[in-house]
Amino acid sequence: FYFLYNEKVKKVIPYDVDSFLNNKNLCKFIEKWSNEFPITLNKNKEFLRWRLSRPDKFYKILIIEKNQEIEAYAVICKSKMQKVPIIAIIDFINLTRNKLNTFNLMGKINEEALKTNSEAITIMMNKSRAKEYKLRNYGFFKSPYCYDFIFNNLSERLMPSIFKNEENWHITWIDFDDH
């Protein structure tokens, strides 16, 4: 897997939820990310603490940092789909769009899947983000299963052309209560 890149392998640091939420650079990372899209979930520390506190799940957060700034992260957990043990990627953000960051995170996620005897790695992400991260290069494919995403422009602050354009969103499982 790692022979694909000649560049230096970046260190992926695993965190538990509390350590992740106490990372002094988390707010800056989330702020940079949310400024990239017209429509984002407010992933502040309170939301993340609430969302990652399911008593039946153990979440691991994998982070890549450069000069003590978070460049990319993945939130994963061991789960089951149709009784099949999996690693679910709950959230995945690569601020720099650096292919090496995606490559290293996917490598670490693969290691976690092997270590936990998982039979698959799954992710739910909108089409434009999956394309941007080139997830097909890592063996991901479009599932025949669909999620209903119900949205209403209640404030009408956004033009319908912006609101209904899927490229203006960054949707993953963290936006749902599944996993």
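In the block above lies the structure referred to throughout.
As the structure is a computational prediction, the values presented were derived from the model and not from experiment.

**Q** I tried to follow the environment of Tyr59 on my own but got confused; where do I start?
**A** Position of Tyr59 among the secondary structure elements: in strand β2 (residues 59-66). Taking relative accessible area as the criterion, Tyr59 reaches 2% and is therefore assigned buried. In terms of polar contacts, Tyr59 uses its side chain to reach the side chain of Arg51, at 3.3 Å.

**Q** Which parts of the structure should I look at to understand unusual backbone geometry?
**A** With the exception of glycine, the majority of residues adopt a negative phi angle, and the majority of peptide bonds are in the trans configuration. Of note in this structure, Gln68 is not a glycine but carries a positive phi near 65°. Of note, Gln68 is situated in the loop between β2 and β3 (69-81). Within the chain, Asn117 stands out as a residue other than glycine whose phi angle is a positive 55°. By relative accessible area, which is 61% here, Asn117 ends up exposed.

**Q** Explain the environment of Asn126 here, please?
**A** Looking at the secondary structure, you find Asn126 in the loop between β5 (120-123) and α5 (127-132). A residue is classified by how much of its surface remains accessible, and Asn126, at 8% relative accessible area, is buried. Put simply, Asn126 and His170 are 44 residues apart on the chain and 6.6 Å apart in space, counted from C-alpha to C-alpha. Among all residues touching Asn126, those that are not within four sequence positions of it are Glu166, Trp169, His170 and Ile171. Within polar-contact distance, the side chain of Asn126 engages the backbone nitrogen of Ile171 at 2.9 Å.

**Q** Looking at this structure, I do not really get the side chain of Ser118. What am I missing?
**A** For Ser118, the position within the fold is in the loop between α4 (99-115) and β5. Looking at Ser118, the relative accessible area reads 14%, which means it is buried. Engagement of the side chain of Ser118 in a polar contact is seen with the side chain of Thr116, the distance being 2.8 Å. For Ser118, the contacting residues outside a window of four places in its chain are Lys78, Pro85, Ile86, Ile87 and Ala113.

**Q** Looking at this structure, how should I read the sheet that holds β5?
**A** Backbone hydrogen bonds hold the strands of a sheet together, and the pairing may be parallel or antiparallel. What the five strands build is an open sheet, ordered β1-β2-β3-β4-β5; its pairing is mixed. Only two strands of the sheet have a single neighbouring strand rather than two, namely β1 (13-15) and β5. Pairs of neighbouring strands in the sheet enclose a mean axial angle of 30°, with direction left out of account. As defined by bridge partners, strand β4 (residues 84-94) adjoins β5 across four bridges and the pair is classed as parallel. Looking at the pairing, Ala88 lines up with Thr122 of β5.

**Q** Can you help me understand the side chain of Thr122 in this one?
**A** Structurally, the position occupied by Thr122 is in strand β5. With relative accessibility at 15%, the residue Thr122 sits in the buried group. Setting aside residues no more than four positions away along its own chain, Thr122 makes contact with Met81, Ile86, Ile87, Ala88, Ile89, Phe140 and Trp173.

**Q** Even after reading the chapter, I still don't get the nonpolar core, so can you show me in this structure?
**A** Side chains of a nonpolar character, in soluble globular proteins, are inclined to be buried together. Of all hydrophobic cores here, the largest spans 50 residues; its most connected members are Phe20, Ile61 and Phe92. At the level of elements, α1 (17-21), α2 (26-34), α3 (45-51), β2, β3, β4 and α4 are the ones that each hand at least two residues to this core. Dropping the residues within four chain positions of it, Phe92 is found in contact with Tyr73, Ala74, Thr102, Leu105, Met106, Ile123, Met125, Tyr133, His170 and Thr172.

**Q** I tried to follow the pattern of salt bridges on my own but got confused; where do I start?
**A** Any two side chains of opposite charge can pair, so long as their charged atoms come close to each other. Following the criterion strictly, the structure yields 11 salt bridges and no others. With a shortest N-O distance of 3.4 Å, Arg49 and Asp18 are connected by a salt bridge. Note that Arg49 is positioned in helix α3 and Asp18 in helix α1, a separation of 31 residues in sequence. For Arg49, a relative accessible area of 42% corresponds to the partly exposed category. The exposure class assigned to Asp18 is partly exposed, which follows from its relative accessible area of 48%. Arg129 is paired through a salt bridge with Glu132; the nearest N and O atoms lie 3.2 Å apart. Of this pair, Arg129 and Glu132 both sit in helix α5, three residues apart, which is roughly one turn of the helix. Residue Glu132 is classed as partly exposed on the basis of its relative accessible area, which comes to 27%. What you see here is one network of salt bridges that share partners, running through Glu36, Arg97, Arg129 and Glu132.

Rules of the game
- Residues numbered from 1 in each chain as written.
- Predicted model: local features only at pLDDT ≥ 70, side-chain atom pairs only at ≥ 80, totals over all residues.
- Heavy atoms only, no water.
- Helix = DSSP H or I, 4+ residues; strand = E, 2+ residues; numbered from the N terminus.
- Buried < 20%, exposed > 50% of the residue type's maximum accessible area, 1.4 Å probe, protein only.
- Polar contact = N/O pair within 3.5 Å; in protein donor to acceptor, adjacent residues only side chain to side chain.
- Contact = heavy atoms within 4.5 Å.
- Pairing = 2+ DSSP bridges.
- Axes fitted to C-alpha atoms, helices over the stretch in contact; angles between N-to-C directions.
- Core = buried A, V, L, I, M, F, W, Y, C linked by side-chain atoms within 4.5 Å.
- Salt bridge = Lys/Arg side-chain N within 4 Å of Asp/Glu carboxyl O.

Read these as layout, nothing more, since geometry by itself doesn't imply function.
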